[in-house]
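Residue strings, one per chain:
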Amino acid sequence: MSTASTATGELADVLSRYEVVLGLEVHVELGTRTKMFCSCPTVFGAEPNTQICPVCLGLPGALPVVNAVGVESAIRIGLALDCSIAEWCRFARKNYFYPDMPKNFQTSQYDEPICFDGALDVDVDGKTVRIGIERAHMEEDTGKSTHVGGATGRIHGATHSLVDFNRAGIPLVEIVTKPIVGTGADAPAVARAYVAAIRDIVRALGVSDARMDQGSVRADVNVSLMPIGASEFGTRTETKNVNSLRSVERTVRYEMVRQAQILDDGGVIVQETRHFNEATGETVGGRTKETATDYRYFPEPDLVPVAPDPAWVAELRAALPELPAAKRTRLRAEWGLSELDMQAIDNAGAFELIEATVAAGAGPESARKWWLGELSRHANEAGVELSELSVTPAHVAELQSLVDGGRLNDKLARGVLAGVLAGEGTPTEVMTARGVEVVSDTGALTTAVDEAIAANPDVAEKVRSGKVAAAGVLVGAVMKTTRGQADAKTVRELILGRLGVQ
Amino acid sequence: MSERQRATHRTAAELGAAIATGETTSAEVTRAYLDRIGAVDGAVHAFLHVAGDAAVAQAEEVDRRIAAGEKLGPLAGVPVAVKDILTTKGMPTTAASKILSGWLPPYDATVVLRLRDAGLVVLGKTNMDEFAMGSSTEYSAYGPTRNPWDLGRIPGGSGGGSAAAVAAREAPLAIGTDTGGSIRQPGAVTGTVGAKPTYGGVSRYGLIAFSSSLDQAGPVTRTVLDAALLHEVIGGHDPCDSTSIDAPVPAVAEAARRGASGDLTGVKVGVVREFAAAEGAEPGVVAAFDAAVATLTKLGAEVVEVSCPHFEYALPAYYLIAPSECSSNLARFDGVRYGLRSGDDGTRALEEVMSLTREAGFGPEVKRRIMLGTYALSAGYYDAYYGQAQKVRTLVTRDFTAAFEQVDVLAAPTTPFVAFPFGSRTADPTAMYLADLYTIPSNLYGGPAISVPCGLSEGLPVGLQIMAPTMADDRMYRVAAALESTQEPRLADQTPEVTA
Amino acid sequence: MAAISREEVAHLARLARLAVTEDELDTFAGQLDQILHSVARVGEVAADDIPPTSHAVPLTNVMRPDEPRPGLSREAALAGAPAAEDHRFRVPRILSEEG
């Protein structure tokens with residue numbers, strides 16, 4: 001793609017003068033049944049203000065009580081990220097006013113996070129980059145505002161806003177990296193790979209559904225540049241709530257180029273919160289605040305400290321499931337693939353999809369073929385991630401079993417897949433509805449074969465005399481009369497049998 | 001004396017027994033108190049809301065439960081007044097603030113639920129300083145409560161309404177809350193009994209938070225036994241309050257009965273040297289306190305002097321911790337989900353409407369404390385103010401822990417001065433803060449404390465404060481009951497008749 | 001401790017969302033200064049090695065099971081709202097993303 005190569009060129013130019021420093025804060029919405037500090041349910045997409053109580057609505061007098069599974073999930077995330085687990089830590093109040101935050105403080109953790117000092121290795125183009133984990137802490141989500149009266153629900157120009165508190169109080173674990181330095185031109189890909197790795201880990205742990213499209217994993221992306229050789233980091237910008245892997249990558253790339261232009265022109269970077277606009281691929285600055293925000297953190301007096309029993313932590317550690325990195329190594333061997341093959345799979349974001357397709361019954365090779373071939377082509381054309389396609393691993397496995405069973409040939413299968421992508425149903429349903437099944441009725445085929453032989457006596461004679469290769473013409477004729485719905489191999493066998501050259 | 005007049009002169013324990021035996025009914029007693037409120041509350045203004053028919057209906061329901069043979073507690077059918085800082089489902093709850101004017105909570109505080117479950121009848125909601133910030137009820141947005149002993153004087157605060165209601169026989173029992181003395185100081189200046197249980201001993205769920213780490217609900221009554229009985233109704237573990245202690249309520253009623261025998265042999269009472277040395281206590285208060293200590297000695301107690309060297313820093317630490325927590329606790333009053341909204345003319349942005357709402361909805365003392373707390377928590381000042389105050393809190397706790405290794409309870413005046421005239425301490429906020437000088441330490445270390453009437457100074461009541469170690473609430477009830485047993489008649493029964 | 005200025009009071013009022021009047025700025029500046037002067041005495045205590053106390057009772061690990069329980073009905077939740085629309089709490093236009 002020409003835009004990609006232009007961007008790469010720009011990036012190379014930026015990196016000839018600056019080093020990039022990244023910092024990523026990933027918010028993971030836990031999949032607990034109830035909220036972090038009250039017993040309200042957490043079902044996604046419920047009618048507005050139907051999952052609220054005095055506690056999460058911040059009514060006068062209401063008090064929080066910690067969700068035990070929320071704490072357990074946070075510890076398990078920390079263990080999976082090789083963090084130390086605090087022996088004793090407290091919640092803290094982060095004080096600021098915002099209408100979707102019922103108490104006008106967020107119950108979070110400040111200088112005593114439950115998990116700290118970990119690391120996560122991510123692979124980018126065969127290189128392993130170690131990302132330091134500063135901390136992972138527990139907090140609560142806010143409600144959701146809908147802006148009315150402005151252009152397409154934007155905050156700017158709205159006449160008023162409407163608030164739904166269903167999401168207020170849903171447990172979050174915020175995972176914060178140490179500054180990531182030295183990634184150079186790989187910075188966008190490293191950021192993407194890191195967020196993908198976090199997503200895969202929390203999914204593997206079963207602590208979150210990790211649906212970026214629903215906001216259950218979202219990233220704040222901090223980017224700064226410093227002149228090559230400098231020892232002090234430059235001023236950073238924080239792009240908030242980036243909610244797809246592709247957007248994470250684009251955000252880093254865009255900010256690197258944008259900041260470099262400002263610095264080149266002798267300007268200064270303003271420390272600010274920015275937002276990524278999916279449509280334009282640009283980040284947009286918020287209002288610059290005249291005064292720095294002062295959150296006035298202090299220990300939450302309504303919640304008592306959390307002091308995880310070391311024996312319990314050890315149990316949780318022992319019971320961790322196989323993590324994605326280990327699984328990758330194992331499956332690579334099981335699937336018999338090279339490291340290069342695996343990289344292609346990783347780059348396409350197809351690992352879990354292939355794994356699930358294999359689990360659904362397809363062979364590894366055919367699963368890989370579908371996802372990296374036909375489906376990657378569709379995803380590229382649509383500009384979406386593979387996982388965002390409407391086809392599921394189960395669909396792919398079903399499609400492959402139709403091919404293996406001789407009911408579809410490759411060409412027909414591709415057509416059926418297009419139908420599945422178009423939302424026409426499962427592969428079997430599409431096949432039936434379109435009437436494209438391979439003609440396996442030998443009676444009908446024999447008639448077609450006999451007709452083809454009768455129509456091409458010279459060719460038939462050549463075959464009889466031993467020029468077996470000439471049978472292709474007869475196969476083609478049969479395929480034509482059956483509109484491609486015959487299995488070429490079967491047709492060929494029938495022709496050869498009819499002409500007595502088997 | 002008519003039957004109805006008689007009802008308002010009996011103790012809660014007596015009323016409970018009379019209702020249980022069928023001598024009278026809850027409805028009859030409730031009507032008697034409603035009549036009394038109708039007669040004198042115009043002068044006293046102890047109530048912000050009187051439940052009226054709803055109270056009678058609840059009383060009749062309790063009578064039905066008793067008639068049906070349901071086993072209820074010793075206070076079943078007895079009316080109770082509830083400080084307007086505890087949420088009552090469907091009954092106005094304002095915390096004496098304009099910002100909650102008209103709010104009807106959709107839920108009951110745990111304390112209120114327990115009252116209802118035990119068959120007590122909620123008479124109404126009592127006046128207080130706005131959000132419990134004050135020592136005189138002069139900071140109520142709805143006008144002050146007057147002291148039944150002298151209508152020109154304050155009834156104490158913040159829970160002046162609960163104390164005055166009990167003193168004026170408008171309720172046999174009341175619930176107060178105590179963050180720095182708001183149960184005990186009103187008790188002292190109105191000649192009633194006020195007890196602050198151990199922090200964590202009574203659920204805070206539904207108690208509109210002023211300072212979460214200090215707030216505690218407790219009983220306000222005319223006798224020590226009534227206080228203990230009410231304490232047992234409202235106390236005990238609540239899973240809705242994370243700071244609630246998961247242990248049985250100390251046997252406080254039993255301790256009160258034991259103390260009533262007047263024998264304190266074997267009890268060691270400590271008098272804190274630094275309390276006595278502190279400036280500002282009125283001579284009449286000191287004299288009444290000395291006399292009370294002499295009485296305790298006469299009853300067999302051994303009195304010794306102990307030292308709490310960090311006492312003088314307790315008050316300043318409190319006036320950093322409480323405002324800091326309050327600045328955060330009161331942030332939720334923003335005109336978005338409930339209560340007042342001011343200045344929303346359709347053109348102003350949310351931030352401005354929030355600020356106008358809070359400006360219009362909060363009174364001067366609340367605003368002062370919110371700003372003080374905002375300052376103490378802000379970057380650059382946290383360590384010097386809030387952080388340092390928390391360290392002082394540790395030192396005060398250590399002092400009292402050490403003192404309780406030497407003695408069973410500590411005795412002190414409840415407050416340095418008797419009820420003062422309206423307006424005499426509002427000009428200088430720090431002069432008002434001195435009212436809590438002796439009560440604050442137990443809020444800081446979390447232990448229980450009780451104020452029991454111990455005499456008069458210039459014709460006005462003086463309270464003796466008995467402090468005990470955490471979860472040893474029974475000790476203070478025993479000592480308080482012993483002192484009370486020497487008074488005939490009880491001070492609470494000497495309250496002058498209120499003339500409307 | 002430094003005296004607290006009118007500007008500082010205005011800053012605090014903004015942080016605390018209080019639209020204080022000009023008169024109040026003067027009054028509060030004086031009163032806060034007086035109160036701060038009095039409470040600053042906590043600084044006299046040598047407490048460098050003293051751990052702070054945030055909770056009055058030394059409890060830890062108070063947690064509840066992850067079991068849903070019914071909360072408020074939407075009607076009850078919205079009943080107290082100063083303004084509601086479309087089953088949501090209605091608020092005036094919001095200027096910025098975060099305070």
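Residues numbered from 1 in each chain as written. Chains lettered and ligands numbered in written order. Predicted model: local features only at pLDDT ≥ 70, side-chain atom pairs only at ≥ 80, totals over all residues. Heavy atoms only, no water.

(A) Main features of the side chain of Asp141 of chain A. Residue and element names in this part refer to chain A. Note on placement: Asp141 falls in the loop between β7 (127–140) and β8 (144–148). Under the relative-accessibility criterion, Asp141 is labelled buried at 5%. Engagement of the side chain of Asp141 in a polar contact is seen with the side chain of Arg218, the distance being 2.9 Å. If near-sequence neighbours (up to four positions away) are discounted, Asp141 is found in contact with Glu29, Arg167, Ala168, Gly169, Ile170, Leu172 and Arg218. (Helix = DSSP H or I, 4+ residues; strand = E, 2+ residues; numbered from the N terminus. Buried < 20%, exposed > 50% of the residue type's maximum accessible area, 1.4 Å probe, protein only. Polar contact = N/O pair within 3.5 Å; in protein donor to acceptor, adjacent residues only side chain to side chain. Contact = heavy atoms within 4.5 Å.)

(B) View of the interface of chain C and chain B. Listed as interface residues are 52 residues of chain C and, on the opposing side, 59 residues of chain B. Between Glu351 of chain B and Arg14 of chain C there is a salt bridge, with its nearest N and O atoms 3.1 Å apart. One can count 21 residue pairs in polar contact (both at pLDDT 80 or more) joining chain C with chain B. Elements that contribute at least two residues to the side of chain C that touches chain B include exactly α1 (6–15), α2 (22–39) and β3 (88–92) of chain C. Per-element accounting of the side of chain C that touches chain B gives the leading share, nine residues, to α2 of chain C. (Salt bridge = Lys/Arg side-chain N within 4 Å of Asp/Glu carboxyl O.)

(C) Representation of unusual backbone geometry within the structure. The linkage connecting Gly157 of chain B with the following residue, Ser158 of chain B, adopts the cis geometry, with an omega of 10°. Among the structural elements, Ser158 of chain B can be located in the loop between β3 (121–126) and α6 (160–167). With an omega of 0°, the peptide bond between Glu488 of chain B and Pro489 of chain B qualifies as cis. Within the secondary structure, Pro489 of chain B sits in the segment after α18 (473–485). Positive phi values are uncommon outside glycine, yet Asp117 of chain A reaches one of about 60°. Considering the arrangement of structural elements, one finds Asp117 of chain A in strand β6 (residues 115–124).

(D) Structural view of the domain arrangement of chain A. Entries for chain A in the domain assignment read domain 1 (2–317), domain 2 (324–434) and domain 3 (442–498). Taking only C-alpha atoms into account, the centre of domain 1 of chain A sits 64 Å from that of domain 3 of chain A. (Domains from an automatic or database assignment.)

(E) A look at the interface of chain A and chain C. Contacts between the two partners involve 62 residues from chain A, matched on the other side by 36 residues from chain C. Between chain A and chain C, roughly 4,300 Å² of surface is buried when both sides are summed, and carbon and sulfur atoms account for 58% of that area. Here Glu47 of chain A makes a salt bridge to Arg74 of chain C, at a shortest N to O gap of 3.9 Å. Where chain A meets chain C, there are 23 residue pairs in polar contact (both at pLDDT 80 or more). For the side of chain A that touches chain C, the secondary-structure elements that each account for two or more residues are β2 (66–67), α2 (68–80), β8 and β9 (160–164) of chain A. Ranked by the residues each element gives to the side of chain A that touches chain C, the list is headed by β9 of chain A, at five residues. (Buried area = accessible area lost by both parts, 1.4 Å probe.)

(F) A look at the pattern of salt bridges. Residue and element names in this part refer to chain A. A complete count under the given rule lists 67 salt bridges over all chains for this structure. One salt bridge in this structure joins Glu255 and Arg258, with 2.8 Å as the shortest N-O distance. Of this pair, Glu255 and Arg258 both sit in helix α4 (residues 245–264), three residues apart, which is roughly one turn of the helix. Judged by relative accessible area, Glu255 falls into the buried class, the value being 0%. For Arg258, a relative accessible area of 15% translates into the label buried. For the salt bridge of Arg368 with Glu365, the shortest nitrogen-to-oxygen distance reads 3.4 Å. A residue pair is termed a helical-turn pair when its members lie 3 or 4 positions apart in one helix, as Arg368 and Glu365 do in helix α9 (residues 364–382) at three residues. We classify Arg368 as buried; its relative accessible area is 18%. Taking relative accessible area as the criterion, Glu365 reaches 47% and is therefore assigned partly exposed.

(G) Region of the structure containing the packing of aromatic side chains. Residue and element names in this part refer to chain B. Taken as a whole and judged by the stated rule, the model has 25 aromatic pairs over all chains. Measuring from centroid to centroid gives 4.2 Å for Phe275 and Phe311, while their planes differ by 35°, and the two rings are tilted. A residue pair is termed long-range when its members are at least 10 positions apart, and Phe275 in helix α10 (residues 273–277) and Phe311 in the loop between β8 (302–306) and α12 (314–329) qualify at 36 residues. An identical accessibility class is assigned to Phe275 and Phe311; each is buried. Aromatic pair Phe400 and Tyr445: ring centres 4.7 Å apart, planes at 25°, arrangement stacked. (Phe/Tyr/Trp six-rings, centres within 6.5 Å; stacked < 30°, edge-to-face > 60°.)

(H) Main features of the sheet that holds strand β16 (residues 298–299) of chain A. If you walk across this open sheet you meet the three strands as β5-β4-β16 (chain A), and the pairing is antiparallel. The open sheet has two edge strands with one neighbour each: β5 (105–108) and β16 of chain A. Along the sheet, α12 of chain B makes contact with β4 (92–95), β5 and β16 of chain A, crossing β4 of chain A at roughly 60°. (Pairing = 2+ DSSP bridges. Axes fitted to C-alpha atoms, helices over the stretch in contact; angles between N-to-C directions.)

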